[in-house]
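# Survey of secondary and tertiary structure
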Amino acid sequence: MDMAFLSISFILTLLCLVGYQLLCLMDLEDDYINSYDSSSRINRTVLPEFIVQGVFCVILFITRH
Ligand SMILES: *[C@@H]1O[C@H](CO)[C@@H](O)[C@H](O)[C@H]1NC(C)=O
């Protein structure tokens, strides 16, 4: 598979995860949800985000980019 396509996919995935976290924080700021719900929603995205970031790092390392 093309490395540029792979990188863009990873970066877009990470951007979506961060965008979702930002949306949760904006909801919290506007008082649509309480802080506990906001933090449990954000907590659920933290582990997948770290895993994607880690796999991305390993792939970049292996392909010597
Ligand atoms: C979210 O994660 C933090 C850090 O691990 C923890 O302190 C907090 O209690 C968690 N929040 C919820 C709602 O699970």
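Residues numbered from 1 in each chain as written. Predicted model: local features only at pLDDT ≥ 70, side-chain atom pairs only at ≥ 80, totals over all residues. Heavy atoms only, no water.

### Side note on helix 2 (residues 35-62)
Applicable threshold: Strands are runs of DSSP state E lasting at least 2 residues, helices are runs of H or I lasting at least 4, and numbering of each runs from the N terminus. For a helix, the expected span equals 1.5 Å multiplied by the number of residues minus one. Each residue's exposure class comes from its accessible area (1.4 Å probe, protein chains only) as a fraction of the maximum for that residue type: buried when under 20%, exposed when over 50%, partly exposed otherwise. We call two residues in contact whenever any of their non-hydrogen atoms come within 4.5 Å of each other. Side-chain atoms alone can form a polar contact between residues adjacent in sequence; in general such a contact is a pair of N or O atoms within 3.5 Å, and within protein one must be able to donate a hydrogen while the other accepts it.
Taking 1.5 Å as the rise per residue, helix 2 with 28 residues should run 40 Å; its terminal C-alpha atoms sit 40 Å apart, in good agreement. When we look at burial in helix 2, the residues that qualify are Ser 38, Ile 42, Thr 45, Glu 49, Val 52 and Phe 56. In the core, the buried residues of helix 2 are packed alongside helix 1 (3-29). By the N-cap criterion, in which a side-chain oxygen at the helix start approaches the backbone nitrogen of a residue two or three places on, helix 2 is capped by Asn 34, the distance to Tyr 36 being 3.2 Å. Arg 64 sits one or two residues past helix 2 and shows a positive phi near 55 degrees.

### Considering the side chain of Glu 49
Applicable threshold: In this tally, Asp and Glu contribute negative charge and Lys and Arg positive charge; neither His nor the terminal groups of the chain are included. One side-chain nitrogen of Lys or Arg within 4 Å of one carboxyl oxygen of Asp or Glu is enough to make a salt bridge.
In this fold, Glu 49 is placed in helix 2. Buried and unpaired, Glu 49 has no salt bridge, with Arg 44 as the nearest side chain of opposite charge at 13 Å. Among all residues touching Glu 49, those that are not within four sequence positions of it are Leu 14, Leu 17, Val 18 and Gln 21.

### What about the state of the cysteines?
This is how it is decided: Cysteine sulfur pairs qualify as disulfides if the two atoms are within 2.5 Å.
Counting across every chain of the model gives 0 disulfides. With no disulfide partner, Cys 16 has as its closest neighbouring cysteine sulfur the one in Cys 24, 13 Å distant. Owing to a relative accessible area of 55%, Cys 16 belongs among the exposed residues under this scheme. Considering cysteine sulfurs only, Cys 16 is the nearest to Cys 57, which forms no disulfide, with 18 Å between them. The partly exposed category is assigned to Cys 57, whose relative accessible area is 45%.

### Things to note about the site of the ligand
The following threshold applies: Here a residue is near a molecule or strand as soon as one of its heavy atoms is found within 4 Å of it. Asp, Glu, Lys and Arg are counted as charged, while Ala, Val, Leu, Ile, Met, Phe, Trp, Tyr, Cys and Pro are counted as nonpolar; the rest, among them Gly, fall into the polar class.
Around the ligand sit Tyr 36, Ser 39, Ser 40 and Asn 43, and those are all the residues in its vicinity. One nitrogen or oxygen atom from the side chain of Ser 39 is found 2.9 Å from a nitrogen atom belonging to the ligand. Between the ligand and the protein, one listed contact pairs an oxygen atom with a side-chain N or O atom of Asn 43 at 2.4 Å. Looking at the shell around the ligand residue by residue, the class counts come to 1 nonpolar, 3 polar and no charged.

Treat this as a map of the structure, not an account of what it does.
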